[in-house]
Amino acid sequence: MENTKSPPPSTAQLFQVFLRLRPSSPQSSVSETRFLTAAPGQNFVYVTPPQERSRFRAIERFGFTRIFDELSEQKDVFVETVMPLLQQAINGRDGTLATLGVTGSGKTHTILGSKDQKGMTQMALDVLFSSIGDRMVDHNRVDIIASDHTEAILMDAVTFHERMNSALVKTPTARFQDRHTSKRSSLAHISTPKAPDVGDLWVDLDSKSKYAVLISMYELYNDRIFDLLDDSIVNNQNRRKALIFKKPSTTAAWDTSKESKKVVSGLRKVYAKNFQEALQILEHGQASRRASPTHSNSVSSRSHAFLQVEVKRFSPRGNEKGGASLHIVDLAGSERARTAKTAGERLAEAGSINRSLMCLGQCLQLQTQVSDNGKPAVVPWRQSKLTELLFSNSFSGAGGGGQRASMIVTADAMGDFNATTQILRYSALAREVTVPRASSRQISGMSDSSAASSTLEELAVISTSTTQDDSKDALIARLIAQLEETEARWRDAEERCLTIEQQVREEVADEMEERLEEWREGYVDGKLEILRKGIEIREDTPPDAAERIQELESDNEALRRELLALRREALGRSPSKGRSGGRGFPSPLKGMENLEIY
Ligand SMILES: Nc1ncnc2c1ncn2[C@@H]1O[C@H](COP(=O)(O)OP(=O)(O)OP(=O)(O)O)[C@@H](O)[C@H]1O
């Protein structure tokens, strides 16, 4: 990163990237301290990690085309970002303005403004219509305006307004009507914006031409394109039909570009004669847009909204000579499910939003990079519907080269640190990581602002030293100083690595100890359980008395049978067998013949 006022433009750079800081307050923000500081007079912003992280994280510096600090007015932003694109559209080149940022960081505020201030959209329409003035093509000749609009449904603002209103009147239930009208009344500021006045601004027109302005609005919701000016869906959003983004079947006679750019087919295009008509169209379209309250923002946009302002140029006889569009895109905010406390449908929306923004981030990151062969890196803008809509609107089709798109990154200096830094990392045109020379202990001992400003001073010293036109000796001295500086940083980094390693080791040891303890407890409990079960198994159940009597009786019976058998055997062997009172020994079983056996 060089110390120029703006980061060096890259040949591959497609988007100019501006950073806008929104005024933060402890009520509206999530961080307790500021972590973003814009360097006065420079196009860099410094990100200082919150205290609890500063021990391990370096300070980052991001470069942008320009930074608008908290005090910047809507008009300041408009002059720098939209005016060149508006002039470009008048001159026949398409252009895109988009806002990117964490939810609640001020994207919609920038694009549509508030009760007190016009947004970029109202200012662009105001300047456009007041510049065209009476050089508007005859509004009764809608047929000539419609000459090449085979892919669109064209109507004038009066017809559109009538259709929208009659759709509301015909509403089957008051509930839908209420929803739509209450949504519109909450957006009342769109058509009744106050300051700032842009009467002193104008774009240069071709003095021999007449002009016509067509307005269309669509949203990309869950990766599908829906017309926001479709009156048939006023009452029932579920009847919405998704539109296709495709190459048109015919192109205008004046369009000599080799590759015709894709268009959203079947889109309603409303011809507005003046600023007030344009604002009414805008209000209707905005009321149809998906927005829901989330924890992070009470009116969070849940879709990416595209406003297309098509400027057509005609000869005094009414022949179309050219045309180009300015696209103003309000991107839905990236969010963390945990912070936004979303669930169900809201969570699915958030998933789709985050995926498309991730893809956009990749494209933005690659636009500033050069591939190995020295050529600009290929930007994969066709890989998501969002990037295809954004990039093909800006970079294909008719018209020459030059600056065609601007991205305003919005950020809250006291918002979500991680989410904001992530967006800055991929959207910034340049990035530098710096390990502060002051030790982490010194920094954490200072107040936040003094830590940040001392680091800013230090970085400024390092930066300015590189731009001096030194003699060789001075150059050598400077290189030695830089080497020492690098060595010091290296030692510092090594020290921090050792600290982290030590910390990780301690954490791992603690966890192992804990696990071992859990295992030990489990092992002892298991053993005790086994022993308890063993005791239960060995324990004899007391015999039942009836069972015991039966057992003894059967033993008794067996013994009786045995005794009887023995007696018979003994009688059979006796010498006095058959002769009672004979000679010899008296029989041992004498007298037992009549023995009763029980
Ligand atoms: N520069 C600013 N000046 C004053 N108020 C601002 C500014 N930026 C944002 N705000 C206020 O902060 C609130 C949130 O802003 P906004 O709705 O524009 O956020 P967002 O980025 O569009 O959010 P989401 O992505 O959820 O739609 C609004 O009340 C808005 O008025």
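Residues numbered from 1 in each chain as written. Predicted model: local features only at pLDDT ≥ 70, side-chain atom pairs only at ≥ 80, totals over all residues.

**Structural notes on the overall build of the chain**
Link 1 in the chain: Looking only at helices and strands, the chain has 15 helices and 18 strands in total.
Link 2 in the chain: Taken across its 598 residues, the chain has 34% of its residues classed as buried.
Link 3 in the chain: Pairs at least 24 residues apart make up 74% of the contacts formed inside the chain by residues separated by at least 6 positions. (Helix = DSSP H or I, 4+ residues; strand = E, 2+ residues; numbered from the N terminus. Buried ≥ 20, exposed ≤ 12 C-beta atoms within 10 Å, placed from the backbone. Contact = placed C-beta atoms within 7 Å.)

**Side note on the environment of Leu 19**
Link 1 in the chain: On the secondary structure map, Leu 19 appears in strand E1 (residues 15-22).
Link 2 in the chain: Exposure remark for Leu 19: the 28 C-beta atoms within 10 Å place this residue in the buried category.
Link 3 in the chain: Considering only alpha carbons, one finds Leu 19 and Phe 68, 49 residues apart in sequence, at a separation of 6.0 Å.
Link 4 in the chain: Those residues in contact with Leu 19 that sit more than four places away from it in its chain are Val 45, Phe 64, Ile 67, Phe 68, Val 409 and Ala 411.

**Some remarks on the packing of helix H3 (residues 120-132) against helix H7 (residues 275-287)**
A pair of packed helices is characterised by two quantities: the angle between their axes and the separation of those axes.
Link 1 in the chain: Relative to each other, H3 and H7 sit at 150°, their axes nearing to 9 Å. As summarised for this structure, H3 and H7 are arranged roughly antiparallel, according to the angle between their axes. The interaxial crossing formed by H3 with H7 has right-handed handedness. On H7, the residues that touch Thr 121, Gln 122, Leu 125, Asp 126 and Phe 129 of H3 are Phe 275, Ala 278, Leu 279 and Leu 282.
Link 2 in the chain: Grouping the amino acids of the contact of H3 with H7 by side-chain chemistry returns 6 nonpolar, 2 polar and 1 charged. (Axes fitted to C-alpha atoms, helices over the stretch in contact; angles between N-to-C directions. Parallel < 35°, antiparallel > 145°, perpendicular 65-115°, else oblique. Left-handed = near helix turned anticlockwise from the far one by under 90°. Nonpolar A, V, L, I, M, F, W, Y, C, P; charged D, E, K, R; others polar.)

**Some thoughts on the UniProt feature "binding site: ATP" (unreviewed entry) in the chain**
Link 1 in the chain: UniProt marks Gly 101, Val 102, Thr 103, Gly 104, Ser 105, Gly 106, Lys 107 and Thr 108 with the feature "binding site: ATP" (unreviewed entry), using the numbering shown here.
Link 2 in the chain: If you trace the backbone, Gly 101 turns up in strand E6 (residues 95-101).
Link 3 in the chain: For Gly 101, a count of 28 C-beta atoms within 10 Å puts it in the buried group.
Link 4 in the chain: The residues touching Gly 101, leaving out its near neighbours within four places in the chain, are Gly 106, Lys 107, Gly 333, Val 409, Thr 410, Ala 411 and Ile 423.
Link 5 in the chain: Overall, the presence of 27 C-beta atoms within 10 Å leaves Val 102 in the buried class. (UniProt positions renumbered as here; feature names shortened; annotations may be inferred.)

**Section: the environment of Gln 286**
Link 1 in the chain: Take Gln 286: it is sitting in helix H7.
Link 2 in the chain: Taking the C-beta count within 10 Å as the criterion, Gln 286 has 23 such neighbours and is therefore assigned buried.
Link 3 in the chain: Counting along the chain gives 57 residues from Gln 286 to Leu 229, while the straight-line C-alpha distance between them is 9.0 Å.

**Quick notes on unusual backbone geometry**
Link 1 in the chain: Positioned with a positive phi, Asn 222 is a non-glycine residue whose angle comes to about 50°.
Link 2 in the chain: By the element assignment, Asn 222 lies in the loop between strand E8 (210-221) and strand E9 (224-227).
Link 3 in the chain: A positive phi angle, close to 70°, is found at Asp 223, a residue other than glycine.
Link 4 in the chain: Positionally, Asp 223 belongs in the loop between E8 and E9.
Link 5 in the chain: Looking at Asp 223, the number of C-beta atoms within 10 Å reads 14, which means it is partly exposed.

**Some points on H3**
Link 1 in the chain: Between the first and last C-alpha of H3 there are 18 Å, a value that for 13 residues agrees with the 18 Å anticipated at 1.5 Å per step.
Link 2 in the chain: Residues Met 120, Thr 121, Gln 122, Met 123, Ala 124, Leu 125, Asp 126, Val 127, Leu 128, Phe 129 and Ile 132 constitute the buried set of H3.
Link 3 in the chain: Following H3 by one or two positions, Gly 133 adopts a phi angle in the positive range, close to 50°. (Expected span 1.5 Å × (residues − 1).)

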